[in-house]
Amino acid sequence: MSLNPRLVKESFSVIEPVADKATAYFYGRLFAESPHLRGMFPPAMDVQRDRLFSALTRIVWSLDSPGSLAAYLGQLGRDHRKYGVIAEHYTAVGNALLATIRRFAAEIWNHEIEAAWVAAYTAAASLMIESAESDSGVSPAWWPAEVIDHELRHRDIAVLTLRPVERLPYTPGQYVNVQTARWPRVWRTFSIANAPRADNTLRLHVRSVPGGWVSTTLIRHTRIGDTLLLGPPMGTMAPCESSLRDVLCVAGGTGLAPLKAIIEHIIASGRRPNIHLLYGARTVEELYDLPDLIRMESSFPWLRVLPVVSGQPGYDGMRGHLPEVVQRFHSWAEHDVYVCGPPGMVNETVRRLQIDGVPLSRIHRDIVQAER
C-alpha cells in the first residue's frame, strides 16, 4: 500500500477549521472503545488535545519530506515511552483516528481517501514503534533529575538547575518534557538552556503562564532537593556545525533558553563567527538573564548582546517589538538565523527576514514550542 500525501492533505484541510471538535471526538471515541487507556492521560485534556492536533498537523504536512518526517516520528516514538505506550496501543489510536477523519471529512470521503489514511498511519505507527523498541534497550523512558539550584529571577520567571541521575544526551536547541510530583501524568515542555556539560547538569528557564499547572509548580512550589522527571530530548533546532556564516539569534522572553544553549555550543566549538543576540521582553525587569549574557559577551568578543524592551516607554535602551527591531539593522541575508519565543513573534520575525532576503533554509526555528 503506497502513500498518497495529496489525498491525506486535501482531506485533512477539511478538518483543520473544526480542530477542536475533531480532537474532542477522537478522544471520546478512543476512551469509549478502549477505556483502560484513559488512565494514561492527564485529568484535564485541553493541552493534550492541542498537542495531538499540532503533532498530526506536522505529520500530515511533512508527508512529502520523508527524511524530516522519519526524524520527527522517531523522536515522538521514543518520547511516548514515558506514557507507557506499547505497540498494541497504536491499533486503538489508529481506529479512533480513522473514525474521526471519516466523520469530519464525510462530504469528500471515499475508499481512495480511506486507503491513503490507512497507509499513512500504518507507516507512521511502524516508525514510532520501531524507534521506541530500539531505544528501550539503550535509554530509560524518563530520567529522574534532582533540583540542585532554584533562582527566582522575576516574580513569574525562575531558572532551575537540574542533575539527572543518568546522563541525558541532547543537542543544544532541544527541549524536554517535565513532570512534577504535584501533577502526575501532566507533562509540559521546556527548552534546555545550556550546552551539554561535563557534570551532566542542565538548566531550565521557566515562566509561569496563566493556568500553567507545571510552570507555576516549578516556580512557586519547587525547592532544592526535589526530584523532577524528564522525558527524552526532542526538537530539531540544532547549531549548523559545518557553517562558516555569522549568526543572528532573536529571543523573546524565555525563548532565550535554547538560543543560549546554541550560543554556548558555538563558543565552546572554537569557531569565531560574529554573533548578534537580540533579546526582547516587555520590561527591563523581564530581561531576567541579562547579567549572565553580559558576562558571556565580555569573555567572547565576537558576541554582541542587544536587549530590546517593548512595553516600557521610559527605558533608555533599544525599544520596540523584536520583528521590527530586526529590520532596523543591515541585511541578515548572509547569516544563519535562530528564532525562538512566543509563536506570533516568531512567525512575524521569520516573515520579515524572508522579505529582507534571508533564505528560509538559513532560518532555524522549532515547530513544537516549549512552554514558556
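In short, a report on the structure. (Residues numbered from 1 in each chain as written. Predicted model: local features only at pLDDT ≥ 70, side-chain atom pairs only at ≥ 80, totals over all residues. Heavy atoms only, no water.)

**Quick notes on the nonpolar core**
A general trend in soluble globular proteins is that nonpolar side chains are found buried together. To be explicit about the condition: Side-chain atoms within 4.5 Å link the members of a nonpolar core, which is a set of buried Ala, Val, Leu, Ile, Met, Phe, Trp, Tyr and Cys residues. Burial status follows relative accessibility: with a 1.4 Å probe on protein chains alone, a residue under 20% of its type maximum counts as buried, one over 50% as exposed, and anything between as partly exposed. Numbering goes from the N terminus for both helices and strands, where a helix is a DSSP run of H or I of at least four residues and a strand is a run of E of at least two. In this description, contact between two residues means that some pair of their heavy atoms is separated by no more than 4.5 Å.
Counting 41 residues, the largest nonpolar core has Val8, Tyr27, Leu30, Phe41, Trp109 and Trp117 as its most contacted members. For this core, the element with the most residues is helix H6 (residues 111-136), which contributes seven residues. When near neighbours in sequence (up to four residues on either side) are disregarded, Val8 contacts Val60, Leu63, Ala116, Trp117 and Ala120. Grouped together as the second largest cluster of nonpolar side chains are 28 residues, Ile157, Ile263, Ala281 and Val309 included.

**Looking at the packing of helix H1 (residues 5-15) against helix H3 (residues 46-61)**
To be explicit about the condition: Only the contacting stretch of a helix is used when fitting its axis, a line to C-alpha atoms as for every element, and angles between N-to-C directions run 0 to 180 degrees. Every angle not falling under 35 degrees, over 145, or within 65 to 115 is termed oblique; those three ranges are roughly parallel, roughly antiparallel and roughly perpendicular. With the far helix as reference, a near helix turned anticlockwise by less than a right angle produces a left-handed crossing, and one turned clockwise produces a right-handed crossing. Here the term charged refers only to Asp, Glu, Lys and Arg, the term nonpolar to Ala, Val, Leu, Ile, Met, Phe, Trp, Tyr, Cys and Pro, and the term polar to all other amino acids, Gly among them.
Contact geometry for H1 and H3: axes closest at 10 Å, N-to-C directions at 150°. Overall, the two elements H1 and H3 adopt an arrangement that is roughly antiparallel. The way H1 lies across H3 gives a crossing that is left-handed. Contacts between H1 and H3 involve Val8, Lys9, Phe12 and Ile15 on the former and, on the latter, Phe53, Leu56, Thr57, Val60 and Trp61. Looking at the contact of H1 with H3, its residues break down into seven nonpolar, one polar and one charged.

**A closer look at the state of the cysteines**
To keep it simple, the criterion reads: To count as a disulfide, a pair of cysteine sulfur atoms needs to be within 2.5 Å.
Following the criterion strictly, the structure yields zero disulfides and no others. Residue Cys240 stays outside any disulfide, its sulfur separated by 11 Å from that of Cys249, the closest cysteine. According to the relative accessible area criterion, Cys240 is buried, its value standing at 19%. Free cysteine: Cys249, not disulfide-bonded; nearest cysteine sulfur from Cys340 at 10 Å. According to the relative accessible area criterion, Cys249 is buried, its value standing at 0%.

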